[in-house]
Amino acid sequence: MEHQIRTLTARLLAHRSLPRTDPQVRRALVDEAFRVDLDARLGAVGLQLIDNPYAEHVAVALAPDVHEPVFGASREYAASNAGLTRDQLALLVVIWALIVLPKRERQINRQKLADDGQEDMFGQDAPLEHGEEVAGSIVEASLLADFAPVLGHKTYVQGKLLSRLAQLGFIERRGGLIHEGPLLDVLLDYRILADRIIYGTLGEVLAEAGHPPPEHDAFAASEPDPDDDPTD
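Below is a short write-up of the structure. Given the structure is predicted, the values throughout are model-derived calculations rather than measurements.

**A short note on the sheet that holds strand β2 (residues 47-50)**
Across the sheet, which stays open at both edges, the 3 strands sit in the order β1-β3-β2 with antiparallel pairing between neighbours. Strand pairing shows two members of the sheet lacking a second neighbour, β1 (17-19) and β2, which therefore form its edges. Recorded for the sheet is a direction-independent mean angle of 20 degrees between the axes of neighbouring strands. Judged from the 4 bridges that link them, β2 and strand β3 (residues 57-62) form a sheet pairing that is antiparallel. Bridge pairing in β3 places Ile-50 opposite Ala-59. Strands β1, β2 and β3 of the sheet are contacted by helix α1 (residues 2-15), whose axis makes an angle of about 115 degrees with β1. Strands in contact with helix α3 (residues 32-43) are β2 and β3; relative to β2, the strand with the most contacts, it is inclined by about 140 degrees.

Printed below as a string of structure tokens:
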């Protein structure tokens, strides 16, 4: 077990993220003793394993108690401990909202991207899907048309913002489309961001740009229909 933990720790440090389907990652997620040793190994150098069951990858990140000693109190750190500028961070949140919010809704409802909308009476018993089965993509030209005017010009957004997000692993750019990268869902916390976007100003901005977010947080219980009287 010692060799496997050393190997997995080294791979996580080298790649920062690994797919959940990786055999060593799967063992870390189901083998309690293995996970305890892995957490101790990472914790000894100020790191922690980030695992979101709805994300396709796991990742390593700094433990909360070392954020300040590592990054200090610089202006960039105040916006993002990934070194993102404010406009890069703003675009990241927009992309997260456009990809992850509808993705999570499909995951909770056990629906795939290609579903035709028909009800599946056994849907809730289906396994949780990850990746492109449930995560849509964004047409890059459409994103630029809708948001480049407020973030700068097209060349700036492509060369300085999108390229940086791709370099860090938050997105992948392929064939004119923007896809979810390995870190997009695992490092951004849905439970913190979802309500702030859906019920906040950004939700209104997205709707005005033709990209309305879901009406409710995917984890929120459905509100009862006021026309349904339980006493009838």
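Okay, back to it.
**Side note on the pattern of salt bridges**
Under the defined criterion, the tally for this structure stands at 10 salt bridges. Two residues, Arg-35 and Asp-39, come together in a salt bridge whose shortest N-O distance is 3.1 Å. Of the two residues, Arg-35 and Asp-39 both sit in helix α3, 4 residues apart, roughly one turn of that helix. Each of Lys-103, Arg-104, Glu-180 and Asp-185 takes part in salt bridges that share partners, so that together they form one network.

**A look at helix α8 (residues 154-168)**
Here α8 contains 15 residues, and its C-alpha end-to-end distance of 20 Å stays within 8% of the 21 Å for a straight helix at 1.5 Å per residue. Considering bend angle alone, the principal kink of α8 is centred on Leu-162 and spans about 30 degrees. Those residues of α8 that sit buried are Val-157, Leu-161, Leu-162, Leu-165 and Leu-168. Each element contacted by the buried residues of α8 is listed here: α6 (86-108), α7 (140-151), β5 (171-174) and β6 (177-180).

**Thoughts on the nonpolar core**
Most often, soluble globular proteins keep nonpolar side chains buried together rather than apart. Ranked by size, the top nonpolar core spans 40 residues in total, and within it Leu-91, Ile-95, Trp-96, Leu-143, Leu-162 and Phe-170 carry the most contacts. Among the elements of the structure, β3, α6, α7, α8, α9 (184-187) and α10 (190-198) are those that each provide at least two residues to this core. Per-element tally for this core: the top contributor is α6, with 11 residues. Sequence-distant contacts of Trp-96, that is, excluding residues within four places in its chain, are made with Leu-101, Leu-184, Leu-188, Tyr-190, Leu-193, Ala-194 and Ile-197. Membership of the second largest hydrophobic core comes to 13 residues, among which are Ile-5, Leu-42, Leu-47 and Val-58.

**Topic: the sheet that holds β6**
Read from one edge of the open sheet, 3 strands run β4-β6-β5, paired in antiparallel fashion. Of all the strands in the sheet, the pair left with one neighbour each is β4 (138-139) and β5. Judged from the 4 bridges that link them, β5 and β6 form a sheet pairing that is antiparallel. From the neighbouring strand, Glu-172 faces β6, where its bridge partner is His-179. This element, α6, spans β4, β5 and β6 of the sheet and lies at about 55 degrees to β6.

**Describing α6**
In this model, α6 (23 residues) spans 31 Å end to end at C-alpha, consistent with the 33 Å of a helix rising 1.5 Å per residue. Residue Ala-97 marks the point of greatest curvature in α6, where the axis turns by about 30 degrees. With 18 of 23 residues buried, α6 is to be regarded as a mostly interior element. Note on α6: the residue one or two positions beyond its end, Arg-110, has a positive phi of about 55 degrees.

**A word on the packing of helix α2 (residues 23-30) against α3**
Running from amino to carboxyl end, α2 crosses α3 at an angle of 100 degrees, the nearest separation of the two axes being 6 Å. Taken together, the axes of α2 and α3 lie roughly perpendicular to each other. Along the contact surface, α2 presents Gln-24, Arg-27, Ala-28, Leu-29 and Val-30, while α3 presents Glu-32, Phe-34, Arg-35 and Leu-38. Along the lines of polarity and charge, the residues of the contact of α2 with α3 split into 5 nonpolar, 1 polar and 3 charged.

What counts, and where the lines are drawn
Residues numbered from 1 in each chain as written. Predicted model: local features only at pLDDT ≥ 70, side-chain atom pairs only at ≥ 80, totals over all residues. Heavy atoms only, no water. Pairing = 2+ DSSP bridges. Helix = DSSP H or I, 4+ residues; strand = E, 2+ residues; numbered from the N terminus. Axes fitted to C-alpha atoms, helices over the stretch in contact; angles between N-to-C directions. Contact = heavy atoms within 4.5 Å. Salt bridge = Lys/Arg side-chain N within 4 Å of Asp/Glu carboxyl O. Expected span 1.5 Å × (residues − 1). Bend = angle between axes of the 7 residues up to and from the residue. Buried < 20%, exposed > 50% of the residue type's maximum accessible area, 1.4 Å probe, protein only. Core = buried A, V, L, I, M, F, W, Y, C linked by side-chain atoms within 4.5 Å. Parallel < 35°, antiparallel > 145°, perpendicular 65-115°, else oblique. Nonpolar A, V, L, I, M, F, W, Y, C, P; charged D, E, K, R; others polar.

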